[in-house]
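# Inside the fold
Here is what each chain is made of, one letter per residue.
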Amino acid sequence: MASPEVDNYLRIATRDWIAAEVLIHPKVAQENWGFQLQQAIEKTLKAWLLLKNEQPPLTHNLTVLFQLLADLGENVDRYLPLEIFSAYAVQFRYDDAGDLPPLDQSHWQKEVHQLMAHVKYQGG
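Notes on the structure follow.

## Some remarks on the side chain of Gln-105
Within the secondary structure, Gln-105 is located in helix H6 (residues 105-123). Given a relative accessible area of 16%, Gln-105 falls into the buried group. The contact partners of Gln-105, leaving out residues within four places of it in the chain, are Ile-24, Gln-30 and Trp-33.

## With respect to the nonpolar core
One recurring pattern in soluble globular proteins: nonpolar side chains tend to sit buried together. In this structure, Leu-45, Leu-82 and Phe-85 are the most contacted members of the largest nonpolar core, which totals 28 residues. Elements with a contribution of two residues or more to this core: helix H1 (4-22), helix H2 (30-51), helix H3 (62-71) and H6. Ranked by residue count, the leading element in this core is H2, at nine residues. With sequence-adjacent residues up to four places away left out, Leu-45 is seen in contact with Leu-62, Leu-65, Phe-66, Leu-69 and Leu-115.

## Brief notes about the environment of Lys-27
Relative to the helices and strands, Lys-27 is located in the loop between H1 and H2. Spatially, the C-alpha atom of Lys-27 lies 35 Å from that of Gln-67, the residues being 40 residues apart in sequence.

## Section: H1
Because an α-helix completes one turn every 3.6 residues, residues spaced three or four positions apart along the sequence face the same direction. If you check H1, its first and last C-alpha atoms are 27 Å apart, about what 19 residues at 1.5 Å a residue would give, namely 27 Å. When H1 is considered as a whole, its buried residues turn out to be Val-6, Leu-10, Ala-13, Asp-16, Trp-17 and Ala-20. For H1, the arc enclosing every buried residue in end-on projection is 120°, short of the 170-degree limit, so these residues lie on one face. Among the exposed residues of H1, those pointing more than 90 degrees away from its buried face are Pro-4, Arg-11, Arg-15 and Val-22.

## A short note on the pattern of salt bridges
In this structure the tally under the stated criterion is four salt bridges. In this structure, the salt-bridge partner of Lys-52 is Glu-74, at a minimum N-O distance of 3.2 Å. Placement of Lys-52 in the loop between H2 and H3 and of Glu-74 in the loop between H3 and helix H4 (86-89) is noted, with a sequence separation of 22 residues between them. Arg-78 is the partner of Glu-111 in a salt bridge, and the nearest nitrogen-oxygen pair spans 2.6 Å. With a gap of 33 residues between them, Glu-111 in helix H6 and Arg-78 in the loop between H3 and H4 connect regions that are remote in the sequence. In this structure Glu-111 comes out as buried when scored by relative accessible area, which is 16%. Classification of Arg-78 by relative accessible area gives partly exposed; the value is 38%.

## Concerning the environment of Leu-45
Residue position: Leu-45 is located in helix H2. Of the residues examined, Leu-45 reaches a relative accessible area of 0% and is grouped as buried. For the pair Leu-45 and Gln-30, spaced 15 residues apart in the sequence, the C-alpha separation amounts to 22 Å.

## Quick look at unusual backbone geometry
Positive phi, normally seen in glycine, also occurs at Asn-53, with a value near 60°. Here Asn-53 shows up in the loop between H2 and H3. Of the residues examined, Asn-53 reaches a relative accessible area of 74% and is grouped as exposed.

Here is what the cut-offs are and how they apply
Residues numbered from 1 in each chain as written. Predicted model: local features only at pLDDT ≥ 70, side-chain atom pairs only at ≥ 80, totals over all residues. Heavy atoms only, no water. Helix = DSSP H or I, 4+ residues; strand = E, 2+ residues; numbered from the N terminus. Buried < 20%, exposed > 50% of the residue type's maximum accessible area, 1.4 Å probe, protein only. Contact = heavy atoms within 4.5 Å. Core = buried A, V, L, I, M, F, W, Y, C linked by side-chain atoms within 4.5 Å. Expected span 1.5 Å × (residues − 1). Arc of directions from axis to C-beta. Salt bridge = Lys/Arg side-chain N within 4 Å of Asp/Glu carboxyl O.

Rendered as structure tokens:
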């Protein structure tokens, strides 16, 4: 059974994921969409850490969170491509992304949704 803290992280992650989905629009900068998706990933990974009885660190770096999970014996390989969203947490919010290559937003929305479903399943 998941703790209230895990449930809270997953509830906010879902809210961020929905916000990202709404931001899939040609007039919305990819940086805005990417930030919301990064937030959904970050909160989901922190919920996963809590499910493993590990207090998540105060970081936006998805690579750090994935490494902590791997160190706990979790198989994160399938989700490692999501690490590309770490740059959306801070860098692309405050710096002009310039020639940021366009991402297949629908694809990444699905990938994050699968991560969220995986963690929710673990929490019961």
